[in-house]
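Single-letter residue listing:
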Amino acid sequence: MNFLFNLRISQKIMALVAGLCVGFIAIGIAYFVQINLQTQQAKERAELSQLQGAMVLLATQSGRLGSGAASNADIESLLASLNSNKELAQSSELKNVTDLVAQYVAAGKEQDAAVRGLADSRTQLESSADLLRDAVADPLAYSQLRAAELAYRAQPNATAYENVFDRIALVSGDLATPSQALLNDYSAAFEAYAYGLKNQQVL
């Protein structure tokens, strides 16, 4: 500190000016960094806005996507529309959008397969029920079984599912041993149908 007192006035003024210059330079650097940060954030917000617009387009288009050739044409049109947007095409987020389209297509194929599988399961269930009807001695027990099955089909839940198997157990007590195979076939067909129905709901 003593050396400051030993300096002449002109030297003190020079030191003060040098300090002010260093301070202004530091402020300028901080301002430049802040401006760059804000510019980057604005760019990211613009990319996010573009992505959101693309997601809205995807959502509105996806409701109209059909199946087969028509679906493929719609999807190609959607992707072309997304890629035609220059700002979005340069964005790293475009791949996320196209990946979502691919996932949508895959889910649609799974849904179609589930619907076909459920129809096959329903046909097998009806066939097994028809064969079982001729083997059951008590028509009331058979009617109650089918009623429980239809109740499950109308409102599939755990209680209705268990009710069907309760009815299967009652029918089993009245069946002759050779006819138990028919009941087993019906039970297996019902389980397959119930699984297909649940799978379709999940998809």
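Since the model is a prediction, treat every value here as computed from it, not as a measurement. (Residues numbered from 1 in each chain as written. Predicted model: local features only at pLDDT ≥ 70, side-chain atom pairs only at ≥ 80, totals over all residues. Heavy atoms only, no water.)

1. Some words on helix H7 (residues 158-174)
Part 1 of the reasoning: For H7, spanning 17 residues, the distance from its first C-alpha to its last is 25 Å, which sits close to the expected 24 Å at 1.5 Å a residue.
Part 2 of the reasoning: Packed against the buried residues of H7 are helix H6 (139-154) and helix H8 (180-202).
Part 3 of the reasoning: Between the side-chain oxygen of the N-cap and the backbone nitrogen of Thr159 there are 3.2 Å, and the N-cap of H7 in question is Asn157. (Helix = DSSP H or I, 4+ residues; strand = E, 2+ residues; numbered from the N terminus. Expected span 1.5 Å × (residues − 1). Contact = heavy atoms within 4.5 Å. Polar contact = N/O pair within 3.5 Å; in protein donor to acceptor, adjacent residues only side chain to side chain.)

2. Topic: the side chain of Arg146
Part 1 of the reasoning: With respect to the helices and strands, the residue Arg146 is situated in helix H6.
Part 2 of the reasoning: One polar contact links Arg146 to Glu149, side chain to side chain, over a distance of 2.9 Å.
Part 3 of the reasoning: Contacts of Arg146, omitting those with residues within four sequence positions, involve Glu126, Ala129, Arg153 and Tyr186.

3. Brief notes about the pattern of salt bridges
Part 1 of the reasoning: This model, assessed by the stated rule, comprises six salt bridges.
Part 2 of the reasoning: Taking the shortest distance from any N to any O, the salt bridge between Arg153 and Glu126 comes out at 2.9 Å. Residue Arg153 is found in helix H6, and its partner Glu126 is found in helix H5 (residues 94-135); the two are separated by 27 residues along the sequence.
Part 3 of the reasoning: We note a salt bridge from Glu149 to Arg153, for which the minimum N-O separation is 2.7 Å. Here Arg153 and Glu149 lie together in helix H6, a separation of four residues that amounts to about one turn.
Part 4 of the reasoning: When its relative accessible area of 0% is taken as the criterion, Glu149 is described as buried.
Part 5 of the reasoning: When salt bridges with common partners are traced through the structure, they connect Glu126, Arg146, Glu149 and Arg153 into a single cluster. (Salt bridge = Lys/Arg side-chain N within 4 Å of Asp/Glu carboxyl O. Buried < 20%, exposed > 50% of the residue type's maximum accessible area, 1.4 Å probe, protein only.)

4. Here we look at the packing of H6 against H7
Part 1 of the reasoning: The N-to-C vectors of H6 and H7 enclose an angle of 165 degrees; their axes lie 9 Å apart at closest approach. If you check the angle between H6 and H7, you find them roughly antiparallel. In this structure, H6 meets H7 at a crossing whose hand is left-handed. Residue-level inspection shows Ala141, Tyr142, Gln144, Leu145, Ala148, Glu149 and Tyr152 of H6 in contact with H7, the latter providing Ala160, Tyr161, Asn163, Val164, Arg167, Ile168, Val171 and Asp174.
Part 2 of the reasoning: Looking at the contact of H6 with H7, its residues break down into ten nonpolar, two polar and three charged. (Axes fitted to C-alpha atoms, helices over the stretch in contact; angles between N-to-C directions. Parallel < 35°, antiparallel > 145°, perpendicular 65-115°, else oblique. Left-handed = near helix turned anticlockwise from the far one by under 90°. Nonpolar A, V, L, I, M, F, W, Y, C, P; charged D, E, K, R; others polar.)

5. Focus on the packing of aromatic side chains
Part 1 of the reasoning: Inspection of every chain in the model, using the stated rule, returns five aromatic pairs.
Part 2 of the reasoning: Each ring, one from Tyr161 and one from Phe165, has its centre 5.1 Å from the other, and the planes form 55 degrees; the classification is tilted. On the criterion of helical spacing, the pair formed by Tyr161 and Phe165 is a turn pair, its members being four residues apart in helix H7.
Part 3 of the reasoning: For Tyr161, a relative accessible area of 28% puts it in the partly exposed group.
Part 4 of the reasoning: On the accessibility criterion, Phe165 (23% relative accessible area) is partly exposed.
Part 5 of the reasoning: Grouping aromatic residues by their ring pairs yields a cluster made of Tyr152, Tyr161, Phe165 and Phe190. (Phe/Tyr/Trp six-rings, centres within 6.5 Å; stacked < 30°, edge-to-face > 60°.)

6. Observations regarding the nonpolar core
Part 1 of the reasoning: Counting residues in each nonpolar core, the largest one holds 22 residues, and the members touching the most others are Leu132, Leu145, Tyr152, Val164, Val171 and Tyr186.
Part 2 of the reasoning: Where this core is concerned, the elements lending two or more residues are H5, H6, H7 and H8.
Part 3 of the reasoning: No other element matches the seven residues that H8 contributes to this core.
Part 4 of the reasoning: Beyond its immediate stretch of four places on either side in the chain, Val164 contacts Leu145, Ala148, Glu149, Tyr152 and Phe190. (Core = buried A, V, L, I, M, F, W, Y, C linked by side-chain atoms within 4.5 Å.)

7. As for the side chain of Ser121
Part 1 of the reasoning: Positionally, Ser121 belongs in helix H5.
Part 2 of the reasoning: Once residues within four sequence positions are removed from consideration, Ser121 is found in contact with Ala192 and Tyr193.

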